[in-house]
Protein chains: 2
Amino acid sequence: MAHNALASWTDGPTKQALVDFITTAVSPGPGFIPVADRIAAFDNDGTLWSEQPLPPQFDFVFRRWSMEVEADPALAGRQPYKALIEHDRDFFAGLETQDPATVQAVLDAFSRTWAGSTPEEFDAEVTRWLETVRHPTLNVRYLGLVYRPMLELIKYLQANEFRVFVCSGGGRDFMRVFAEETWGIHKENVIGTAADFRYSDGRMVRSGGSLGGLDIGPGKPEHLFAQTGRLPVLAGGNADVDVEMLESAQFALLVNHDDGAREFEYTAGSGRAIERAVELGWTVVSIKNDWNTVFGPVGPG
Amino acid sequence: MAHNALASWTDGPTKQALVDFITTAVSPGPGFIPVADRIAAFDNDGTLWSEQPLPPQFDFVFRRWSMEVEADPALAGRQPYKALIEHDRDFFAGLETQDPATVQAVLDAFSRTWAGSTPEEFDAEVTRWLETVRHPTLNVRYLGLVYRPMLELIKYLQANEFRVFVCSGGGRDFMRVFAEETWGIHKENVIGTAADFRYSDGRMVRSGGSLGGLDIGPGKPEHLFAQTGRLPVLAGGNADVDVEMLESAQFALLVNHDDGAREFEYTAGSGRAIERAVELGWTVVSIKNDWNTVFGPVGPG
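Computed from a predicted structure; not experimentally measured.

Q: Account for the sheet that holds strand β3 (residues 190-200) of chain A, naming residues and giving values.
A: All names here are of chain A. The seven strands are arranged β4-β3-β2-β1-β5-β6-β7 in an open sheet whose pairing can be described as mixed. With one partner strand each, in any of the chains shown, β4 (203-211) and β7 (283-286) form the two edges of the open sheet. Each strand axis lies, on average, 35° off the axis of its neighbour in the sheet, ignoring direction. Examined bridge by bridge, strand β2 (residues 163-171) and β3 share four bridges and lie parallel to one another. Following the sheet pairing, V166 is matched in β3 by V190. This element, helix α8 (residues 172-183), spans β2, β3 and β4 of the sheet and lies at about 115° to β3.

Q: I'd like a rundown of the pairing of strand β1 (residues 39-42) of chain A, residues and numbers included.
A: Residue and element names in this part refer to chain A. Along β1, one buried face is formed by I39 and A41 and the opposite face, lined by A40 and F42, is buried too. Examined bridge by bridge, β1 and β2 share four bridges and lie parallel to one another. Counterpart to A41 in the pairing with β2 is F165. In terms of strand pairing, β1 meets strand β5 (residues 234-237) through three bridges, oriented parallel. Counterpart to A41 in the pairing with β5 is A235.

Q: Outline unusual backbone geometry, listing residues and values.
A: A negative phi holds for most residues other than glycine; trans holds for most peptide bonds. The peptide bond linking A:Q79 to A:P80 adopts the cis configuration, its omega dihedral lying at 5°. Examined against the element boundaries, A:P80 turns out to sit in the loop between α2 (56-71) and α3 (81-85). Along the chain, B:Q52 connects to B:P53 via a cis peptide bond; the corresponding omega equals 0°. One non-glycine residue, B:D201, lies in the positive phi region at around 55°. You can see B:D201 is positioned in the loop between β3 (190-200) and β4 (203-211).

Q: Describe the interface of chain A and chain B, and please don't skip the residues or the numbers.
A: Every contact between the two is made by 30 residues of chain A and, on the other side, 30 residues of chain B. Summed over both sides, the interface between chain A and chain B buries roughly 2600 Å², with carbon and sulfur atoms accounting for 58% of that surface. It is A:E188, A:Y199 and A:F225 in chain A that bury the most area against chain B; as a group they hold 26% of the surface buried on that side. Applying the counting rule to chain A against chain B returns four salt bridges. Residue B:E188 pairs with A:R163 through a salt bridge whose shortest N-O separation is 2.6 Å. One can count 15 residue pairs in polar contact (both at pLDDT 80 or more) joining chain A with chain B. Looking at which element gives the most residues to the side of chain A that touches chain B, the answer is helix α9 (residues 219-228) of chain A, with six residues. Within the side of chain A that touches chain B, the residues separate by chemical class into 13 nonpolar, five polar and 12 charged.

Q: Just give me the short version of the domain arrangement of chain A, but keep the residues and values in it.
A: Residue and element names in this part refer to chain A. By the assigned domains, chain A splits into domain 1 (13-51 + 145-290) and domain 2 (56-132). Distance between the C-alpha centres of domain 1 and domain 2: 24 Å. Listed as interface residues are 24 residues of domain 1 and, on the opposing side, 20 residues of domain 2. Both faces considered, domain 1 and domain 2 share a buried interface measuring about 1800 Å² in area, 71% of it formed by carbon and sulfur atoms.

Q: Help me get a handle on the sheet that holds strand β6 (residues 251-256) of chain B, residues and values and all.
A: What the seven strands build is an open sheet, ordered β4-β3-β2-β1-β5-β6-β7 (chain B); its pairing is mixed. Both outer strands of the open sheet, β4 and β7 (283-286) of chain B, are each paired with one neighbouring strand and no more. The sheet shows a mean angle of 35° between the axes of neighbouring strands, direction not considered. Sitting on the sheet, α9(A) touches β3 and β4 of chain B, and the angle it makes with β3(B) is about 155°.

Q: I'd like a rundown of the packing of aromatic side chains, residues and numbers included.
A: With the rule as written, the count across this model stands at 46 aromatic pairs over all chains. Ring plane angle 50° and centroid distance 5.2 Å describe the contact between B:Y147 and B:W291, whose orientation is recorded as tilted. In this pair, B:Y147 is assigned in the loop between α6 (119-132) and α7 (148-159) and B:W291 in the segment after α12 (287-290), connecting sequence segments 144 residues apart. Residues B:Y147 and B:W291 agree in their burial class; the two are buried. Taken together, the ring pairs connect A:W49, A:F60, A:W114, A:F122, A:W129, A:Y142, A:F174, A:F178 and A:W183 into an aromatic cluster. A cation over a ring is seen here: A:R206 above A:F122, with NZ or CZ 4.1 Å from the ring centre.

Q: So, the relation of the copies chain A and chain B: which residues are in play, and what are the values?
A: Superposition record for chain A on chain B: RMSD 0.0 Å, screw rotation 180°, translation along axis 0.0 Å. On the angle and the small slide along the axis, the relation comes out as a two-fold axis. Of every C-alpha in chain A, the one belonging to A:Q227 sits nearest the axis of rotation, 3.5 Å from it. The share of interface residues of chain A whose copies in chain B are also at the interface is 100%, consistent with both copies meeting through the same surface.

Q: Describe the side chain of B:K220, with residues and values.
A: Residue and element names in this part refer to chain B. Note on placement: K220 falls in helix α9 (residues 219-228). K220 sits in the buried class, given a relative accessible area of 0%. With sequence-adjacent residues up to four places away left out, K220 is seen in contact with D43, C167, S168, G169, D215, V241, D242 and M245.

The rules behind the values
Residues numbered from 1 in each chain as written. Chains lettered and ligands numbered in written order. Predicted model: local features only at pLDDT ≥ 70, side-chain atom pairs only at ≥ 80, totals over all residues. Heavy atoms only, no water. Pairing = 2+ DSSP bridges. Helix = DSSP H or I, 4+ residues; strand = E, 2+ residues; numbered from the N terminus. Axes fitted to C-alpha atoms, helices over the stretch in contact; angles between N-to-C directions. Contact = heavy atoms within 4.5 Å. Buried < 20%, exposed > 50% of the residue type's maximum accessible area, 1.4 Å probe, protein only. Buried area = accessible area lost by both parts, 1.4 Å probe. Salt bridge = Lys/Arg side-chain N within 4 Å of Asp/Glu carboxyl O. Polar contact = N/O pair within 3.5 Å; in protein donor to acceptor, adjacent residues only side chain to side chain. Nonpolar A, V, L, I, M, F, W, Y, C, P; charged D, E, K, R; others polar. Domains from an automatic or database assignment. Phe/Tyr/Trp six-rings, centres within 6.5 Å; stacked < 30°, edge-to-face > 60°. Lys NZ or Arg CZ within 6 Å of the ring centre and 35° of its normal. Least-squares fit on C-alpha atoms with pLDDT ≥ 70 in both.

Pasting the structure below:
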């Protein structure tokens with residue numbers, strides 16, 4: 001391993017399991033993985049950055065939905081606007097457990113909000129939000145909540161000729177705005193729930209619909225396979241909606257949020273994932289014990 | 001330029017235009033293109049290999065459809081099986097000009113044929129076909145009909161930190177079987193008309209439906225943007241169904257099939273593309289004059 005490639009990881013069984021898997025994968029002998037098959041995939045919310053009290057993209061979206069309800073108060077009676085007005089955090093946090101019609105209503109609302117806009121317009125709005133809005137309790141910009149150990153892991157995998165993908169329930173185009181600078185991952189390696197775009201008069205414009213379904217649960221390996229033609233050999237996640245993607249990988253990493261002092265301590269939405277980790281022998285990251293540093297960018301080199 | 005990187009291209013304005021664009025793109029100064037934006041995209045049928053008398057994948061599919069009609073003669077009365085039985089080449093060659101319902105019927109037939117199969121089963125069938133079937137008139141295996149100058153161009157672009165994608169109306173999963181060995185392009189850089197897969201019991205299985213529409217016409221920039229988050233800076237094609245993709249690029253390359261002696265001579269299906277090439281000043285490849293070698297793999301190095 002390159003000196004200090006995983007400097008923010010405390011020496012111990014978790015770090016060792018990662019290093020062993022990757023070292024074996026690139027070394028001739030049993031466990032060698034051909035370069036073509038070296039696909040790694042990570043969830044984003046709760047895996048690459050903090051997702052409490054809600055995944056950051058909700059903050060971005062809620063600002064627009066609030067304006068929409070102001071302009072059209074009738075919206076306040078229906079979902080997802082109703083949950084927003086009533087500060088019903090559980091509605092959004094447990095979205096994957098809602099009935100399909102409700103999930104579709106949320107997806108439709110997302111898609112409708114930016115209908116007719118170009119990628120440049122949408123990207124500028126995300127950039128403005130990233131540069132100005134702060135997390136409600138931690139008082140830092142959202143990009144300050146990216147986990148440094150995971151950035152190191154991405155870099156370490158790339159140095160070992162893994163192609164690293166992010167596969168998130170969050171918005172594909174939202175993540176693509178900061179993926180390259182923040183994660184060092186090209187836009188084409190970012191997979192997520194996607195708006196539909198049409199090509200017209202020489203430019204792309206959002207149609208107001210969505211392309212494919214929500215990128216959660218079985219949707220994660222489905223989106224990954226559609227995008228890459230493979231299932232991942234290494235996958236990282238933290239929640240129940242990541243279980244299928246983690247099951248589909250040879251090596252699964254589950255981030256356990258057990259550090260209330262430096263980040264957040266919770267198991268809501270990850271009960272099934274933690275069970276499967278025990279049953280299937282996944283490598284579990286204790287933020288408290290395995291990460292000596294939680295937040296911050298990785299230096300050059 | 002690396003010595004002989006484009007050895008199968010005859011010196012002249014076409015080769016020079018390519019070299020100039022790529023050299024300028026990677027050199028500081030006006031025309032420099034940041035690495036992140038260096039997306040190149042090529043059509044497949046008629047651009048990377050021969051498409052006469054029909055794109056090779058039709059041969060692969062027709063063998064299965066013939067078996068389906070034998071098993072269920074009632075199919076012979078409806079499209080696309082009817083066109084197959086009647087050897088109606090024009091039906092398939094001009095598919096993009098058919099009404100949407102007919103196009104959908106063909107797409108549905110494609111999808112239905114392999115419903116329930118796994119990627120491994122489908123890939124094995126494509127591999128068997130590639131290894132055993134020969135082109136009806138040229139009497140070589142289909143992979144012998146890949147254009148060596150285009151393979152050199154792909155390699156040259158990759159050496160200049162372009163990420164090269166194939167974006168074809170043909171089947172995504174069909175092309176992914178040979179993309180890595182033949183083109184030197186990872187599966188995730190292959191975009192095409194796509195079957196829908198579901199994740200179930202730890203594996204991917206074809207649902208029998210399709211994902212997104214036909215990857216032709218405006219569908220090409222739409223598929224490219226969905227997959228990569230960008231439009232290409234360089235694009236290559238040969239047919240009317242490539243016009244929108246070519247228009248969306250800074251540098252457009254149009255392959256003109258004018259060499260009846262070594263390949264095929266035809267303009268059917270490319271009239272509008274040739275018009276646009278003149279109007280917009282695209283770089284037109286004359287197979288006869290610009291390629292000193294047409295077929296064959298590129299050597300190492």
